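Examination of the molecular architecture
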Amino acid sequence: MVTDRPIAVAGAGAIGCFVGGMLAARGQRVALLVRPRVKTEIERFGLRLTDFDGSEQRLSAGRLALSEDASIFHSVGAVLVTVKSADTAEVADLIAKHAPQDAVIVSLQNGIGNVAVLREHLPGRIVLAGMVPFNVIAMGEGRFHRSTSGDIHLEGDAADTAAQLSVPGLAMRASQDMVGVQYGKLLINLNNAMTALSDMPLRAQLASREWRRLFADQMAEGLAVLTAAGIKPVSSTPIPPAWTPFLLKLPDPIFNAILGRTMKIDPEARSSMWQDLKHGRKTEIDYLQGAIIALAERHGVDVPLSRRIVALIRQAEEAAQGPPKLTPQQIRGG
C-alpha cells in the first residue's frame, strides 16, 4: 500500500504544502522537500490550511518532516511532484537517486508534458498523471488558502492509488482518460495569464462580460487546436469544454447562475501565474499558451491571441514590476 510508508511532496510550494498538509492532518506521515524560505516559514508558524468554505486545519511543524535535501525520499511509498514544469527533469533525477524503486510517482503539475519527462528519467517506475483543479494561494506566515473547488483527478491504476491517497477534505478520484482531463485543465488554465496580466481576482474577472469574452476567444483558439490534433478534452465540471466559450459570452445574470451551480470561487482567488509575476518569478506560460502554440504549429492552426498573450507575459517577466494591470483591449492589442 502506498500509504503504509511516508508520502513525500517534491517541491512544496502552494499546492504542495496544501496537499501535503491535508494528508498530514488526516494522520498520514508526510515529508516535504522545500526551499529554505518555506522551511523557515513553517518551522516558525506551523502550517495553517484554510478553505473557501471557511474550514481550517492547523499543524505544528513537528507533524511534518521538512528538508531541503532529497534524501528525505529514502523510505517513502509515494512522491507527489508539484514543482514547476521547467524543474521536472531535475526533480526526476533526485527521485531516481533517493526514492525507493517501488515508490509510486504522481505528477500534480500544470501542463501536459510532465509525465512523459518523469517516465523518461524514471524508467521502470510507476509514474501516474494527476490534475489539481483548484487554486491555492500562499498567504504568508504558514497559511495556504484553497480558493476554488474541485476534486483531484489521478490516473487509474491496479493499486487504486487515487483511493489510497484520498482523505476527507482532499478527495482524489481515478480517471481512465488523463490525457483528456489534462487538456481540459489546460483550456481552463489559459485564463491564468489573463488574471496575471489584469491583476484582478478570478471571481471579479469572471463577473465582467468583457473579460469573459476575452477568455472565450482564448478558449476557442485552444479548442480549434485540439480539434485539429484529434484530442478530446474532458471537463472537470459538468459543463462540456465545447460549450464553455458560448456560456462565457452570456449576459452576467445567466452566466453567474450557471457558475454558481458548477464551481465555488473565493473572492480573492488568484492564479499561480499572478503569484509568479507578483514575486518576480518566471511563469509557466511556455507550458500553457506555449503548449497550444506548439500544437497549433504542428497542425497548421493560427493562434494570434495565444501568441499575443505569451508576448505580454514575457514582457511582464522581463520588467519584473509585478502584474501590469492591463485591460482586455490592451491584451487584444486594439
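In case you missed it, the structure is sitting above this.
The text that follows walks through the structure, step by step, so that each part is easy to find. Nothing here was measured: the structure is a model prediction, and the numbers come from that model. (Residues numbered from 1 in each chain as written. Predicted model: local features only at pLDDT ≥ 70, side-chain atom pairs only at ≥ 80, totals over all residues. Heavy atoms only, no water.)

This brings us to the overall build of the protein. Looking only at helices and strands, the protein features 15 helices and 12 strands. For 334 residues, the compact-globule estimate of 2.2 N^0.38 gives 20 Å, and the C-alpha radius of gyration of the protein, at 19 Å, lies within 12% of that figure. With respect to the three principal axes, the spread of C-alpha positions in the protein is 55 × 40 × 40 Å. A burial count over the protein gives 54% of its 334 residues as buried. Pairs at least 24 residues apart make up 68% of the contacts formed inside the protein by residues separated by at least 6 positions. Summing over all exposed atoms, the protein offers an accessible surface of approximately 14,400 Å²; the carbon and sulfur share of this is 52%. Charged side chains of the protein number 36 positive and 33 negative; the gap between the two group centres comes to 4 Å. (Helix = DSSP H or I, 4+ residues; strand = E, 2+ residues; numbered from the N terminus. Rg over C-alpha atoms; globule rule 2.2 N^0.38 Å. Buried < 20%, exposed > 50% of the residue type's maximum accessible area, 1.4 Å probe, protein only. Contact = heavy atoms within 4.5 Å. Areas by Shrake-Rupley, 256 points an atom, 1.4 Å probe, with all protein chains shown as cover. Lys, Arg positive; Asp, Glu negative; His and termini not counted. Charge placed at Lys NZ, Arg CZ, Asp CG, Glu CD.)

The alternating pattern of strand β7 (residues 104-107) places V104 and V106 on one face and I105 and S107 on the opposite face, and all of these are buried. Strand direction decides the pairing type here: strand β6 (residues 78-81) and β7, joined by 4 bridges, are parallel. Paired with V81 across the two strands is S107, which belongs to β7. After leaving β6, the chain enters helix α3 (residues 88-98) and then returns to the sheet as β7, a path that is right-handed. Relative to strand β8 (residues 127-131), β7 is paired through 3 bridges, and the arrangement is parallel. Pairing of V106 across the sheet is with L128, part of β8. In the classification by handedness, the crossover that spans β7, the intervening helix α4 (residues 114-121) and the parallel β8 is right-handed. (Pairing = 2+ DSSP bridges. Right-handed = clockwise from strand over helix to strand, strands pointing away.)

On to the sheet that holds strand β10 (residues 143-146), then. Read from one edge to the other, the open sheet built from 4 strands follows the order β4-β3-β10-β9, with strand pairing classed as mixed. Edge positions in the sheet fall to β4 (56-59) and β9 (136-140), since each of these pairs with one other strand and no more. Taking the axes of each pair of neighbouring strands and ignoring which way they run, one obtains an average angle of 20° across the sheet. Note: strand β3 (residues 47-51) against β10, 4 bridges, orientation parallel. Note on β10: the bridge partner recorded for R48 is R143. (Axes fitted to C-alpha atoms, helices over the stretch in contact; angles between N-to-C directions.)

Let us look at the side chain of D266. Position of D266 relative to the elements: it lies in the loop between α11 (252-262) and α12 (272-278). For the buried D266, no salt bridge is present, and the opposite-charge side chain at shortest range is R143, 6.6 Å distant. Beyond its immediate sequence surroundings of up to four residues, D266 is in contact with F52, H145, S147 and R203. (Salt bridge = Lys/Arg side-chain N within 4 Å of Asp/Glu carboxyl O.)

Here we take up the pairing of strand β2 (residues 30-33). Sheet faces and side chains relate simply in a regular strand, where the side chains alternate between the two faces. Side chains V30 and L32 project from β2 onto one buried face, and the interleaved A31 and L33 project onto a second face that is buried too. Here 4 bridges tie strand β1 (residues 7-10) to β2, and the two strands are oriented parallel to one another. Bridging from a neighbouring strand, A10 pairs with L33 of β2. For the handedness criterion, the β-α-β arrangement of β1, helix α1 (residues 14-25) and β2 is classed as right-handed. Here 3 bridges tie β2 to strand β5 (residues 65-67), and the two strands are oriented parallel to one another. Bridge pairing in β5 links L32 to L66.

As a further point, take the nonpolar core. Core analysis: the biggest nonpolar cluster contains 42 residues, and L206, I309, I313 and I331 have the highest contact counts within it. Those elements that place two or more of their residues in this core are α6 (178-189), α7 (191-198), α8 (202-206), α9 (209-229), α11, α12, α13 (289-299) and α14 (304-319). The biggest single contributor to this core is α9, with 8 residues. With sequence-adjacent residues up to four places away left out, I309 is seen in contact with A193, M194, L197, Q218, I285, Q289 and I331. Counting 39 residues, the second-largest nonpolar core is a separate cluster that includes M22, A25, V136 and A162. (Core = buried A, V, L, I, M, F, W, Y, C linked by side-chain atoms within 4.5 Å.)

This brings us to the packing of α7 against α9. Viewed as axis vectors pointing N to C, α7 and α9 meet at an angle of 145°, and their least axial separation amounts to 10 Å. Viewed along their axes, α7 and α9 form a crossing whose handedness is right-handed. Together, N191, M194 and S198 of α7 and W211, L214, F215 and Q218 of α9 make up the contact between the two elements. Among the residues making up the contact of α7 with α9, the classes are represented as 4 nonpolar, 3 polar and no charged. (Left-handed = near helix turned anticlockwise from the far one by under 90°. Nonpolar A, V, L, I, M, F, W, Y, C, P; charged D, E, K, R; others polar.)

Let's shift gears to the sheet that holds β2. Ordered by their spatial adjacency, 8 strands build an open sheet running β5-β2-β1-β6-β7-β8-β11-β12, and the pairing between neighbours is mixed. In the strand order of this sheet, the two ends are held by β5 and β12 (172-175), each with one partner. Averaged over all neighbouring strand pairs, the angle between strand axes comes to 25°, with direction disregarded. The strands that α1 touches are β1, β2, β6, β11 (152-155) and β12; relative to β2, the one it contacts most, it runs at about 165°.

This part is about the packing of aromatic side chains. In this structure the tally under the stated criterion is 1 aromatic pair. With a centroid separation of 5.9 Å and 65° between ring planes, the pair formed by F18 and F134 is classed as edge-to-face. With F18 in helix α1 and F134 in the loop between β8 and β9, this pair connects stretches of sequence that are 116 residues apart. For R146, the ring lying beneath its charged end belongs to F134, and the centroid distance is 4.9 Å. Above the face of the W274 ring, R270 is positioned so that its terminal group lies 4.5 Å from the ring centre. (Phe/Tyr/Trp six-rings, centres within 6.5 Å; stacked < 30°, edge-to-face > 60°. Lys NZ or Arg CZ within 6 Å of the ring centre and 35° of its normal.)

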